[in-house]
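# Architecture and fold: a report
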Amino acid sequence: MRVEGAAEFARCVGALRPWLGSLVFAGGWAHRLHRGHALAQPPEYQPIRTLNADVAFSPEEPLAGSLDTALSAAGFEEKLFGEQSPPVTKYALGEEHGGFYVEFLVPLHGSGGNRKGKPDDTFSMAGITAQKLRSLDLLLVDPWMATVPAQPGHLEEATDIRVPNAVSFIVQKLLIHAARQPRKRAQDVLYIHDTLELFGPSLEVLREIWEQQVRPALSRKTAGKAVILGGEVFAEVTDTIREAARIPQDRALNPEDIRAACSQGLEVVLDPRGS
């Protein structure tokens with residue numbers, strides 16, 4: 001199956017090769033690469049379309065050198081966004097490449113403000129400025145390895161990168177659900193649905209990952225919140241679920257089917273009885 005943006009993503013991976021051991025590729029590309037996991041049962045339909053590569057890292061792990069220089073050498077152009085100081089940097093290939101861009105993310109802790117009471121939502125290291133996001137730590141917990149196929153001219157050989165494990169991927173979306181814009185909430189619902197479907201035969205294995213790796217990395221309060229949200233978000237068909245059903249262009253989805261599948265799948269993976 002041809003995946004839109006594969007060449008652009010491969011160019012990004014090639015540019016960041018020296019730092020791959022410290023980076024986790026999150027977002028839509030993690031979901032796409034989950035299809036290659038040994039536990040996955042890839043479906044016939046196309047993965048959700050994405051224009052960007054979200055690259056997460058821990059600010060406690062130093063990155064030597066300059067990611068900015070490496071991306072620029074690979075043809076990416078730096079763009080500045082937002083009113084933060086310093087502003088968020090994104091790296092774009094331009095409309096001739098479908099508007100593909102790379103952005104960097106780090107976890108946000110505490111109140112989100114500095115000692116002077118001003119917003120503290122960016123972090124600079126190795127020539128780039130990353131946006132700080134809540135619950136991002138979860139995507140760095142016990143990441144999986146995924147293989148990016150070679151792309152002549154962009155990535156000369158198949159390369160392994162780190163992506164969030166499927167449970168962290170799902171739980172992080174539950175935890176940020178209320179803070180997301182409506183369009184993003186609907187997309188996240190579809191990501192949760194499609195991930196549960198992708199790993200449908202292995203939900204018991206995902207529950208082991210939740211119990212042994214992911215839940216212990218969370219505070220008791222946050223883990224309990226995730227379990228509660230798993231029930232609340234899919235307790236009934238909402239406008240968000242209806243909007244999620246309208247996103248795919250190559251398949252017909254029923255909102256009630258989405259709700260039921262997510263509710264049942266999350267009950268297995270998060271197992272409220274064991275929380």
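Quick notes on the rules
- Residues numbered from 1 in each chain as written.
- Predicted model: local features only at pLDDT ≥ 70, side-chain atom pairs only at ≥ 80, totals over all residues.
- Heavy atoms only, no water.
- Salt bridge = Lys/Arg side-chain N within 4 Å of Asp/Glu carboxyl O.
- Buried < 20%, exposed > 50% of the residue type's maximum accessible area, 1.4 Å probe, protein only.
- Helix = DSSP H or I, 4+ residues; strand = E, 2+ residues; numbered from the N terminus.
- pLDDT = per-residue confidence, 0-100.
- Contact = heavy atoms within 4.5 Å.
- Phe/Tyr/Trp six-rings, centres within 6.5 Å; stacked < 30°, edge-to-face > 60°.
- Lys NZ or Arg CZ within 6 Å of the ring centre and 35° of its normal.
- Pairing = 2+ DSSP bridges.
- Core = buried A, V, L, I, M, F, W, Y, C linked by side-chain atoms within 4.5 Å.

## Regarding the pattern of salt bridges
All chains considered together, the criterion is met by 10 salt bridges. Lys79 is paired through a salt bridge with Glu77; the nearest N and O atoms lie 3.6 Å apart. Its relative accessible area of 33% is what places Lys79 among the partly exposed residues. Owing to a relative accessible area of 47%, Glu77 belongs among the partly exposed residues under this scheme. The partner of Asp239 in a salt bridge is Arg242, with the nearest N and O atoms 2.9 Å apart. Note that Asp239 and Arg242 are positioned in helix H8 (residues 239–246) at a spacing of 3 residues, about one turn of the helix. Counted as one network, the salt bridges with shared partners bring together Lys173, Arg180 and Asp188.

## A look at the confidence of the model for the chain
Caution applies to low-pLDDT parts of the model: their predicted coordinates are not meant to be read in detail. Of the residues in the chain, 93% reach a pLDDT of 70 or more, and the chain-wide mean stands at 92. Under a pLDDT of 50 for its full length, residues 113–117 has, in the predicted model, 5 contacts with residues more than four places off or in other chains.

## Here's the deal with the packing of aromatic side chains
By the definition in use, this model includes 7 aromatic pairs. Residues Phe57 and Phe123 carry aromatic rings whose centres are separated by 6.4 Å and whose planes lie at 55° to one another, so their mutual orientation is tilted. In this pair, Phe57 sits in the loop between strand S2 (52–56) and helix H3 (67–73) while Phe123 sits in strand S6 (residues 122–125), placing the two residues 66 residues apart along the sequence. A residue is classified by how much of its surface remains accessible, and Phe57, at 1% relative accessible area, is buried. Measuring from ring centre to ring centre gives 6.5 Å for Phe76 and Phe100, while their planes differ by 55°; the resulting arrangement is tilted. Of this pair, Phe76 sits in the loop between H3 and strand S3 (77–81) while Phe100 sits in strand S5 (residues 100–107); the two residues are 24 residues apart in sequence, bridging distant segments of the chain. Of the residues examined, Phe76 reaches a relative accessible area of 4% and is grouped as buried. Judged by its relative accessible area of 3%, Phe100 is buried. Through successive ring pairs, a cluster of aromatic residues spans Phe9, Phe25 and Trp29. The aromatic ring of Tyr45 is capped on one face by Arg251, whose charged end is 3.6 Å from the ring centroid.

## Thoughts on the pairing of strand S9 (residues 159–163)
Covered by surrounding structure in S9 are Thr159, Ile161 and Val163 only, the residues Asp160 and Arg162 on the alternate face being uncovered. Pairing between strand S8 (residues 144–148) and S9: 5 bridges, direction antiparallel. By the bridge assignment for S9, Thr147 is matched with Asp160.

## Structural notes on the environment of Val102
Examined against the element boundaries, Val102 turns out to sit in strand S5. In this structure, Val102 is in contact with Cys12, Ala53, Val55, Phe76, Thr89, Lys90 and Tyr91, ignoring residues within four places of it in sequence.

## Some details on the nonpolar core
Among the nonpolar cores identified, the biggest contains 75 residues, and Phe9, Leu16, Phe25, Phe104 and Trp210 are the most heavily contacted of them. Membership of the second largest hydrophobic core comes to 5 residues, among which are Ala26, Ala56, Leu105 and Leu136.

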